[in-house]
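Here are the chains, one letter per residue:
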Amino acid sequence: MSKEANRPKIADLLQCGERDIEVTVKGWVRTKRGNKNVAFIALNDGTTINNIQVVVDVAGFDEELLKRVTTGSCLRVEGTLVESMGSGQPVEVQAREIEVYGSADPETYPLQKKGHTLEFLREIAHLRPRTNTFGAVLRIRHAMSYAIHKYFNDHGFFYLHTPLITGSDAEGAGAMFEVTTLDLNNLPRTDEGKVDYSQDFFGKQCNLTVSGQLEGETGAMALSKIYTFGPTFRAENSNTPRHLAEFWMIEPEMAFYELEDNMDLAEDFLKYLIRYALDNCADDLEFLNKMYDPELIERLRFVAENGFVRLDYTEGIDILSKSGMKFEFPVGWGLDLQSEHERYLVEQHFKKPVILINYPKEIKAFYMKMNADGRTVRAMDVLFPKIGEIIGGSERETDMGVLTGRMAEIGIPAEEMWWYLDLRRFGSAPHSGFGMGLERLLLFITGMANIRDVIPYPRTPKNAEF
Ligand code: 4AD
Ligand code: MG
């Protein structure tokens, strides 16, 4: 490893037990204060929410150099790590040498000390990782991504890379973004006047995937347990604090799992991730708890420690109908639940996460296993406080007749789905899976209120800046 790779970062130095050692710190200036004799620089390198204090004996430094040490500038500091005299930090660096890698003009650098609104920070998404809030969110996002891989690896799942460009719109999960190299100003046409996709790059109409599930099933029917973890795309025009046009989805798919097993997995998985965050992201969670959501840590602990309620959709509708609540959207058997309904069940009625199962087939995807009643399917949605739906999944239909029947009803051409149907033709088995949106999980873990604030560069209707 190179010398730079081995250099302790600010997170390491703040925890370091040694004193009076020579150190090099590199990072961005959060604040500079002091008087004509001594300057205090709060330096942050993103490895922790905490800054290290650099103490500068002004007399020993060039005045012009210190002028270039402004909020947002980037420095290399050589000095001695000493016990801090001040409160609030265990150690500080007595500077011996300072190099300004890059200054930041105080007139134009947008992140001055004062607090900024989250809306303003979205407009400078390229700089917001330098704020405490986004540093915390991005570190937690990393920790959760790592924990997701760790959980599945430790439980015998294989990571399967499903394609992002797809030739079939089977999921029906939402409107799709088309992928084409055709000249939109001069489209080739067939004799009937339709777009001639045979001349397109793939020789057919293609889209960005809304879900890796169907290809995921092909993996599970060979490797037993797989998961996907990648970007998915939905062109729904829903401008809500919970929807993105590009989001990251995790989709485990398991051969031999029935709905019960699927629910057990979803509950264990979510609790593991919450505990992982509590154990590994304490500083960042405490900051978010203090700044945005005073019940955050308490809520995380509560969900990690208590069983989820498991409830039939039909009972859920019953509870909602009898609640006496005035909802914006109607409640009735056969209607899909809106976020306000989901949150009523979770936050007001049960005061616990709820796994709602056995939904009417009409409001769920074609591949979900039909129940004996012929009206409901073995679907499951995991509903969380503050979020509503965090996971959606099901046991899959294995009966060829029932499956093709559902496809015909919905208008999915069987010939396009020949490969998916082959799974039922050759060595079919009961299997189940679910999908979790990474950003929905992060909304829950961080307590942030808007999904645009838990992904580095949000993609939403009319917004693809950066
Ligand atoms: O419920 P959905 O649409 O399910 C599927 O896509 C299945 N193929 C999953 C499976 O069984 N393998 O989406 C799954 C999850 C939702 O519960 C939600 O967490 C997230 O994906 N999600 C979104 N997150 C952000 N923005 C959007 N527009 C989302 N749509 C779904
Ligand atoms: Mg869903």
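Before any of the text, the structure's been laid out above.
Since the structure is predicted, the reported quantities are computational estimates derived from the model, not experimental observations.

Conventions we followed
Residues numbered from 1 in each chain as written. Chains lettered and ligands numbered in written order. Predicted model: local features only at pLDDT ≥ 70, side-chain atom pairs only at ≥ 80, totals over all residues. Heavy atoms only, no water. Helix = DSSP H or I, 4+ residues; strand = E, 2+ residues; numbered from the N terminus. Buried < 20%, exposed > 50% of the residue type's maximum accessible area, 1.4 Å probe, protein only. Contact = heavy atoms within 4.5 Å. Lys, Arg positive; Asp, Glu negative; His and termini not counted. Charge placed at Lys NZ, Arg CZ, Asp CG, Glu CD. Near = heavy atom within 4 Å. Polar contact = N/O pair within 3.5 Å; in protein donor to acceptor, adjacent residues only side chain to side chain. Areas by Shrake-Rupley, 256 points an atom, 1.4 Å probe, with all protein chains shown as cover. Nonpolar A, V, L, I, M, F, W, Y, C, P; charged D, E, K, R; others polar. Pairing = 2+ DSSP bridges. Axes fitted to C-alpha atoms, helices over the stretch in contact; angles between N-to-C directions. Salt bridge = Lys/Arg side-chain N within 4 Å of Asp/Glu carboxyl O. 1 Å grid on protein atoms, 1.4 Å probe; cavity = no way out; pocket = protein on both sides within 12 Å on 5 of 7 lines; lining within 4 Å. Points joined across faces, edges and corners; volume = space filled by probe spheres on them.

(A) Molecular detail of the overall build of the protein. The number of helices and strands found in the protein is 14 helices and 16 strands. Structurally, the protein occupies a C-alpha span of about 85 × 55 × 45 Å along its principal axes. Across the 466 residues in the protein, those meeting the buried criterion constitute 51%. Sequence-distant contacts, at least 24 apart, represent 66% of the contacts inside the protein between residues at least 6 apart. If the 52 positive side-chain charges of the protein are averaged to one point and the 70 negative ones to another, these points end up 4 Å apart.

(B) Region of interest: the site of ligand 1. As a matter of local geometry, ligand 1 sits amid 24 residues, with Q213, R234, E251, E389 and I390 nearest to it. Note that an oxygen atom of ligand 1 is positioned 2.6 Å from one of the side-chain N or O atoms of E389. One of the backbone nitrogen or oxygen atoms of I390 is found 2.9 Å away from an oxygen atom of ligand 1. Out of a free accessible area of 620 Å², ligand 1 has 92% covered by protein chains. Listed by contribution, the elements that provide at least two residues to the shell around ligand 1 are β11 (246-255), β15 (388-395) and β16 (431-437). At five residues, the largest contribution of residues to the shell around ligand 1 is made by β15. Of the residues that constitute the shell around ligand 1, the class distribution is eight nonpolar, eight polar and eight charged.

(C) Main features of the pairing of β16. Burial within β16 is extensive, with seven of its seven residues counted as buried. In β16, alternate side chains face the same way, and those of H431, G433, G435 and G437 on one face and S432, F434 and M436 on the other are all buried. Alignment of β11 against β16, held across five bridges, turns out to be antiparallel. The partner of E253 across the bridge, within β16, is G433.

(D) Geometry of the sheet that holds strand β4 (residues 74-83). On the basis of which strands lie adjacent, the closed barrel formed by five strands has the order β1-β2-β3-β5-β4 and mixed pairing. Averaged over all adjacent pairs, the angle separating strand axes in this sheet is 55°, with direction ignored. With six bridges joining them, strand β1 (residues 21-34) and strand β2 (residues 38-44) adopt antiparallel strand pairing. Its bridge partner lying in β2, T31 is registered against A42.

(E) Quick peek at the pattern of salt bridges. Applying the stated rule across the entire model yields 28 salt bridges. Across the pair D453 and R128 runs a salt bridge whose closest N-O atoms are separated by 3.3 Å. Of the two residues, D453 sits in the segment after α14 (438-446) while R128 sits in the loop between α4 (118-123) and α5 (132-154), which places them 325 residues apart along the sequence. Under the relative-accessibility criterion, R128 is labelled buried at 1%. A salt bridge links D154 to K150; the shortest N-O distance between them is 2.9 Å. Note that D154 and K150 are positioned in helix α5 at a spacing of four residues, about one turn of the helix. For K150, a relative accessible area of 30% corresponds to the partly exposed category.

(F) Expanded view of empty space enclosed by the protein. With the rule as written, the count across this model stands at two cavities of 30 Å³ or more. Its boundaries defined by the atoms lining it, the second largest cavity holds a volume of some 30 Å³. Here the residues of the lining of the second largest cavity sort into three nonpolar, two polar and two charged.

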